[in-house]
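Chain residues, written in single-letter form:
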Protein chains: 2
Amino acid sequence: MLLRVDTTDAVPVYAQIVEQVKRAVAAGVLDAGDALPSLREMAMKLRINPLTVGRAYKQLEQEGLIETRHGLGSFVAGSAKSPAREFGRDAIARGIDRVLVDAMDLGVGFDEVREVFEERLRAAPQSLRGQAAGGDEVRDEDR
Amino acid sequence: MLLRVDTTDAVPVYAQIVEQVKRAVAAGVLDAGDALPSLREMAMKLRINPLTVGRAYKQLEQEGLIETRHGLGSFVAGSAKSPAREFGRDAIARGIDRVLVDAMDLGVGFDEVREVFEERLRAAPQSLRGQAAGGDEVRDEDR
DNA sequence: CATACTGTTATATATCACTATAACAGTTGA
DNA sequence: TCAACTGTTATAGTGATATATAACAGTATG
């Protein structure tokens, strides 16, 4: 489970956590029953306040994605798996649609969009590493 | 000049305005010398506070994209054209990078991303029209 | 039972975005 | 000059986010 948080982003930190936990479940990085990092642990690694993590978990629970038990921790819900499978391809499609809408707004032709797409794809292995920087990052391998 | 604003979005309203004015300039919808809607006019149409529009214009002026004159209004700067040209392709590249990062997070292979990309590109003419809905909208034809 | 983890709650503080209201100042044209 | 537009500034209030600090409560294990 890998988490990045950017406190300078307009998107609230707790919302960033919610989004990324959803992704982790969708990607299969987190399976049903898996424990999430404790409030204090994640807060320490991300260098944010535990209450902020708690708020993210609270929302995830309200959405039924995780179950949280006092004194035990928070766990990926059993029912979280099924809707998550389609999430990946759908999320990509939504992202691409957003780019295409942008292209229309900007008066950039689709041919040029494809050009840029292939260009970024070629550059991906390098540029993506650069992109990861900036936010605080946590690699969670030791659970 | 068409503006959409969503007050429920995490992105501040003033930032949304800044972004969309940049797009309008980049797309050629606004040319150098063109007048922007007055603070009060745009505020009324978008149903937001004039100060919020003022904040957006202030930032646009600091970035050199517009020039604002007391008692007259705000106008697209003459020098705004050249940097705006790159804005389009850059914005597209940024959007694509975001999609590629998402793909990595979701465990979706780049080949599949390309597949989805071509698929959405083919579907674009229809699907893009539906996307424009949502948020308050202002079409500004009477200036 | 004591310890050490869990989540939960309360209080206070700070910052940012947005609003409401109001007044002030520059520009233009009747 | 006066009216009707422009942008500008000041003040105050609201809500959301995040912080620091602290205490409280459930669970498991030695």
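Residues numbered from 1 in each chain as written. Chains lettered and ligands numbered in written order. Predicted model: local features only at pLDDT ≥ 70, side-chain atom pairs only at ≥ 80, totals over all residues. Heavy atoms only, no water.

Novice: In this structure, what is going on with the protein's contact with DNA strand D? I would like to understand it.
Specialist: In the vicinity of DNA strand D there are 22 residues, among which A:Val13, A:Thr52, A:Arg55, A:His70 and B:Arg40 approach most closely. Here DNA strand D approaches the protein such that, of its atoms within 4 Å, sugar and phosphate make up 61%. Contacts to DNA strand D include B:Leu39, whose backbone N or O atom sits 3.0 Å from a phosphate oxygen. Secondary structure elements with two or more residues in the surface near DNA strand D: helix 1 (13-27) and helix 3 (50-62) of chain A together with helix 2 (39-46) and strand 2 (66-69) of chain B. A per-element tally of the surface near DNA strand D places helix 3 of chain A first, with three residues. Along the lines of polarity and charge, the residues of the surface near DNA strand D split into nine nonpolar, nine polar and four charged. (Near = heavy atom within 4 Å. Polar contact = N/O pair within 3.5 Å; in protein donor to acceptor, adjacent residues only side chain to side chain. Helix = DSSP H or I, 4+ residues; strand = E, 2+ residues; numbered from the N terminus. Nonpolar A, V, L, I, M, F, W, Y, C, P; charged D, E, K, R; others polar.)

Novice: Just to check I follow, could you spell out the side chain of B:Gln16 for this structure?
Specialist: Residue and element names in this part refer to chain B. Within the secondary structure layout, Gln 16 lies in helix 1 (residues 13-27). On the basis of relative accessibility, which here comes to 10%, the residue Gln 16 falls in the buried class. A polar atom in the side chain of Gln 16 sits 2.9 Å from the backbone oxygen of Val 11. Look past the residues within four positions of Gln 16 in its chain and what remains in contact with it is Arg 4, Val 5, Asp 6, Asp 9 and Val 11. (Buried < 20%, exposed > 50% of the residue type's maximum accessible area, 1.4 Å probe, protein only. Contact = heavy atoms within 4.5 Å.)

Novice: Explanation requested: the relation of the copies chain B and chain A in the structure shown.
Specialist: Note: a rotation about an axis with an accompanying shift along it relates these two copies of the chain. With an RMSD of 1.0 Å, the fit of chain B onto chain A corresponds to turning through 178° and sliding 0.0 Å along the axis. What we have between these two chains is a two-fold relation. (Least-squares fit on C-alpha atoms with pLDDT ≥ 70 in both.)

Novice: Explanation requested: the nonpolar core in the structure shown.
Specialist: In summary, soluble globular proteins display a tendency toward joint burial of nonpolar side chains. In terms of nonpolar packing, the biggest core is built from 31 residues, with A:Ile92, A:Ile96, A:Leu106, A:Val113, B:Ile92, B:Ile96 and B:Val113 touching the most fellow members. Here this core gets nine residues from one element, more than from any other, and that element is helix 4 (residues 81-106) of chain B. Residue contacts for A:Ile92: discarding those within four places in its chain leaves B:Val99, B:Asp102, B:Ala103, B:Leu106, B:Val108, B:Val113 and B:Val116. (Core = buried A, V, L, I, M, F, W, Y, C linked by side-chain atoms within 4.5 Å.)

Novice: Explain the confidence of the model for chain A to me, please; I cannot follow it from the model alone.
Specialist: When pLDDT drops low, the exact placement of atoms in the prediction is not to be read closely. Predicted confidence across chain A gives a mean pLDDT of 82, with 80% of residues reaching 70 or more. Here residues 126-135 of chain A is a poorly scored stretch, pLDDT under 50, and it has 12 contacts once near neighbours within four places are set aside; other chains count. (pLDDT = per-residue confidence, 0-100.)

Novice: What am I meant to see in the packing of aromatic side chains here?
Specialist: Aromatic rings in a pair are described by how distant their centres are and how their planes are angled relative to each other. Scanning the model with the defined rule gives one aromatic pair over all chains in all. Ring geometry for A:Phe117 against B:Phe117: centres 4.0 Å apart, planes inclined by 0°, an arrangement best described as stacked. Remark: B:Phe117 occurs in helix 5 (residues 110-131) and A:Phe117 occurs in helix 6 (residues 110-132); the pair is interchain, linking two chains. Of the two residues examined, A:Phe117 and B:Phe117, each falls in the buried class. (Phe/Tyr/Trp six-rings, centres within 6.5 Å; stacked < 30°, edge-to-face > 60°.)

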